[in-house]
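Understanding the architecture of this molecule
Residues per chain are reported as follows:
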Amino acid sequence: MAASKTPLSRSQIIGLTALSLAVFLVANDFTAFSVAIPAMEKHFNADISTLQWVINGYALVFGIFIVTGGRLADMFGRRRLFFVGTSIFVFFSVLGGLAVNEWMLLGSRALMGVGGALMWPAVLGMTYQIMPDDRAGQAGGLIMTVCGFANSIGPLLGGFFTEFVSWRWIFLLISPLRWRQCWWAGR
């Protein structure tokens, strides 16, 4: 007979929901812009090899700084780094949505990678911290499920905004969602 798992409290469920939203937004950013590049190319009258850096710049900076983000989270606290990373991510997301040329767009996108790299290890650590020890496997499963879903739905969301509103809304929609999620995680 299997041992019963520790039940989750209301605050744990709210915290996991907020952290899942954070994982969704960071992971979604890897794929949401892939379908918007032709619209950006047309808008800025730029070539595809330049605007491909909207995706590559974010991924490169994220990959370079993720280990640093983990170390800083260990040194200064996960929650603090989560809020710092979120602030950077939101600020440059808004700046990217308001970009007046491709260089402002690319710079904003790369600096969003810094924010994402500071948030990601903090989110992982906080997720495992919130879950009871006997549910650690579920914490990892939750993160990977949300990450996979976000990566798969990213092109659909990016395509929807690009087609029916503007590619800028891929950037701008992140801001209110991110601040709402920060409020939940701070409770």
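Everything in this summary refers to the structure shown in the same document.

Here we look at helix 1 (residues 10-28)
An α-helix turns once per 3.6 residues; consequently, residues spaced three or four apart project the same way. Taking 1.5 Å per residue as the helical rise, helix 1 with its 19 residues ought to reach 27 Å, and the 27 Å between its terminal C-alpha atoms agrees with that figure. Among the 19 residues in helix 1, 15 count as buried, and that is most of the element.

A closer look at a nonpolar patch on the surface
A cluster of nonpolar side chains, Phe 160, Phe 164, Val 165, Trp 169 and Leu 173, forms an exposed patch at the surface whose accessible area comes to about 520 Å². In this structure, Phe 160 sits in helix 7 (residues 136-164).

Here's the deal with the side chain of Asn 28
By the element assignment, Asn 28 lies in helix 1. Its relative accessible area of 7% is what places Asn 28 among the buried residues. Separated by 3.4 Å, the side chain of Asn 28 and the backbone nitrogen of Gly 154 make a polar contact. The contact partners of Asn 28, leaving out residues within four places of it in the chain, are Ala 150, Ile 153, Gly 154 and Leu 157.

A word on unusual backbone geometry
Its identity as a non-glycine residue notwithstanding, Asn 45 has a phi of 50°, on the positive side. Positionally, Asn 45 belongs in the loop between helix 2 (37-44) and helix 3 (48-51).

Here's the deal with helix 7
Between its terminal C-alpha atoms helix 7 stretches 41 Å, which fits the 42 Å expected from 29 residues at 1.5 Å a residue. Ile 153 marks the point of greatest bend in helix 7, at about 40°, and the proline Pro 155 comes within the next four residues. Every buried residue belonging to helix 7 is among Ala 139, Gly 140, Ile 143, Val 146, Cys 147, Ala 150, Gly 154, Gly 158 and Phe 161, and all of these are buried. Residues of helix 7 that are buried sit in contact with helix 1, helix 6 (102-130) and helix 8 (168-172).

Rules and cut-offs
- Residues numbered from 1 in each chain as written.
- Predicted model: local features only at pLDDT ≥ 70, side-chain atom pairs only at ≥ 80, totals over all residues.
- Heavy atoms only, no water.
- Helix = DSSP H or I, 4+ residues; strand = E, 2+ residues; numbered from the N terminus.
- Expected span 1.5 Å × (residues − 1).
- Buried < 20%, exposed > 50% of the residue type's maximum accessible area, 1.4 Å probe, protein only.
- Patch = residues over 30% accessible without salt bridge, like charges linked within 9 Å, V, L, I, M, F, W, Y side chains within 5 Å.
- Areas by Shrake-Rupley, 256 points an atom, 1.4 Å probe, with all protein chains shown as cover.
- Salt bridge = Lys/Arg side-chain N within 4 Å of Asp/Glu carboxyl O.
- Polar contact = N/O pair within 3.5 Å; in protein donor to acceptor, adjacent residues only side chain to side chain.
- Contact = heavy atoms within 4.5 Å.
- Bend = angle between axes of the 7 residues up to and from the residue.

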